[in-house]
Amino acid sequence: MTSISAFAPACSAHDVVRVYGHGDAEVRALDGISVEFERGRFSAIMGPSGSGKSTLMHALAGLDGVDAGRVVLHGGAGIGTEIEISTASDAVLTGLRRDRIGFVFQAFNLLPVLTACDNILLPMRLAGTRPAPQWFDEVVGRLGLTDRLDHLPHEMSGGQQQRVAVARALLPQPDVIFADEPTGNLDSQAGAEVLALLRSSVRETGQTVVMVTHDAVAASYSDRVVLLADGRLAGEIADPTADSVLDAMRGLGAVGAVAR
Ligand code: ADP
């Protein structure tokens, strides 16, 4: 019998190279990196500015291609089949981003003319599906949005808008949610709420989250921090604290590393 351990990979990169520019202007944003992100865990990607964090996340999410190596979205019980993202067609990638990958962006990316409820439901409506009412109520309740469902984005605070974006990502129960600096536009109180909600969705529902951040406090909410430098893996921290992350970042020469 094949069993899937709690730490089976959700997605992985194998010897991935991504080069921008040519000749003297060439930048190896990813320089032969291999890394796995586990299912049912909250992982953070950290590293100095320009170390390749965004490029790695975009490659893992199928938002951008790679020049060499393989990027894999793994399959398993209760989820879809294994797919090699790095060679998938645009049609397959579009389907994956609709059905199996969720996103939370720094800038919330809500549609201004839609209520919170309609924003949350939009991806599933576009996919021609709808959530079980009980699951919808659970997600909305967990995120503290029950009383805000008929509000437009401009009627909500930044923290509330980001909670709508998190609900939108959680509702279809994607294989992986990629969060790109999800607290970058929030004050520390609202940021802490959003991080705690991501944390609890991993712990309580087994959601997989991969987050890019430059904030040591944000990274401390994760189970594991993957450190990048110059497009390569530069280390990792299990059960990180803000202090252990700051120490590691200073060790990488990220002089401006701060905990806010
Ligand atoms: P990080 O997210 O860690 O700040 P990035 O992945 O954004 O790093 O960038 C890694 C390197 O690749 C940087 O040197 C950056 O300048 C370069 N880079 C990223 N995107 C592009 C692009 N579209 N064109 C040219 N260079 C790029």
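Above: the structure in question.
What this report covers is the structure whose coordinates are included nearby. Model, not experiment: these values are computed from the prediction. (Residues numbered from 1 in each chain as written. Predicted model: local features only at pLDDT ≥ 70, side-chain atom pairs only at ≥ 80, totals over all residues. Heavy atoms only, no water.)

Some remarks on the sheet that holds strand β4 (residues 68–73)
Sheet strands associate in pairs through backbone hydrogen bonding, adopting either a parallel or an antiparallel arrangement. This is how it is decided: Strand pairing is assigned whenever DSSP identifies at least 2 bridges connecting the two strands. The secondary structure listing takes helices from DSSP runs of H or I that are at least 4 residues long and strands from runs of E that are at least 2 residues long, numbered from the N terminus.
Strands sit in the order β2-β1-β4-β5 across an open sheet of 4 strands; the sheet is antiparallel. Edge strands, defined here as strands with exactly one partner in the open sheet, are β2 (27–38) and β5 (83–84). Bridging between strand β1 (residues 9–20) and β4 involves 5 bridges; their strand directions are antiparallel. The residue of β4 that forms the bridge with V17 is A68.

Some remarks on the nonpolar core
The criterion, for reference: As used in this record, nonpolar core signifies buried Ala, Val, Leu, Ile, Met, Phe, Trp, Tyr and Cys residues forming a set joined through side-chain atoms within 4.5 Å. Burial classes follow relative accessibility: with a 1.4 Å probe on protein chains only, a residue under 20% of its type's maximum area counts as buried, one over 50% as exposed, and anything between as partly exposed. We call two residues contacting when some pair of their heavy atoms lies within 4.5 Å.
I120, L143, L171, V225 and V245 are the most contacted members of the largest nonpolar core, which totals 47 residues. Not counting residues within four places of it along the chain, the set of residues in contact with V225 comprises A44, M46, A219, G235, E236, I237, P240 and V245. Within the second largest apolar cluster, 29 residues are counted, among which are I33, M57, I85 and V212.

Digging into the pairing of strand β10 (residues 232–238)
Across 6 bridges, strand β9 (residues 224–229) lies against β10 in antiparallel orientation. Within β10, the residue paired with L228 across the bridge is L233. Counted along the chain from β9 to the antiparallel partner β10, the turn is 2 residues long, and its residue D230 has a positive phi close to 50 degrees.

A closer look at the pairing of β2
Walk down a regular strand and you will see the side chains alternate between the two sheet faces. Here β1 runs beside β2; their pairing, made up of 9 bridges, is antiparallel. Looking at the pairing, P9 lines up with E38 of β2. Connecting β1 to the antiparallel partner β2 that follows it, the hairpin turn spans 6 residues, and G21 within it adopts a positive phi of roughly 75 degrees.

Things to note about the site of the ligand
Rules: Near is defined per residue: the residue qualifies when any heavy atom it owns lies within 4 Å of the molecule or strand. Polar contact is defined as a pair of N or O atoms within 3.5 Å, subject to the rule that within protein one atom must be able to donate a hydrogen and the other to accept it, and that residues adjacent in sequence are counted only when both atoms are side-chain atoms. Each accessible area value is a Shrake-Rupley result obtained with a 1.4 Å probe; residue values ignore everything except the protein chains displayed when judging cover. Three classes are used: nonpolar for Ala, Val, Leu, Ile, Met, Phe, Trp, Tyr, Cys and Pro, charged for Asp, Glu, Lys and Arg, and polar for all others, with Gly counted as polar.
The local shell around the ligand consists of Y20, V27, A29, P48, S49, G50, S51, G52, K53, S54 and T55. Note that an oxygen atom of the ligand is positioned 3.0 Å from one of the backbone N or O atoms of G52. Between the ligand and K53, the relevant distance is 2.9 Å, taken from an oxygen atom to a side-chain nitrogen or oxygen of the residue. Relative to its free-state accessible area of 560 Å², the ligand is covered by the protein chains to the extent of 57%. Every element with two or more residues in the shell around the ligand is listed here: β2 and α1 (53–60). In terms of residue count, α1 provides more of the shell around the ligand than any other element does, 3 residues in total. In the shell around the ligand, the residues fall into 4 nonpolar, 6 polar and 1 charged.

Points about the environment of V209
Inspection of the secondary structure assignment puts V209 in strand β8 (residues 209–212). Taking C-alpha positions, V209 is 9.5 Å from F103, a pair spaced 106 residues apart along the chain.

Some words on the sheet that holds β8
The condition that has to hold: In this description, a line fitted to the C-alpha atoms serves as the axis of each element, helices being fitted only across the stretch in contact, and the angle between N-to-C directions of two axes falls anywhere from 0 to 180 degrees.
Reading across the sheet, the 6 strands line up as β6-β7-β8-β3-β9-β10 and stay open at both edges, with mixed pairing between neighbours. Every interior strand has two partners, whereas the edge strands, β6 (101–105) and β10, have only one. Here the strands of the sheet are splayed against their neighbours by 20 degrees on average, with no regard to which way each runs. In this sheet, β8 lies alongside strand β3 (residues 42–46) in parallel orientation, the contact comprising 4 bridges. Across the sheet, residue A44 finds its bridge partner in β8, namely M211.

Quick look at the environment of I83
By the secondary structure assignment, I83 is in strand β5. Between the C-alpha atom of I83 and that of L93, which follows or precedes it by 10 residues, the distance is 9.7 Å. Beyond its immediate stretch of four places on either side in the chain, I83 contacts V71, V72, L73, A88, V92, L96 and R100.

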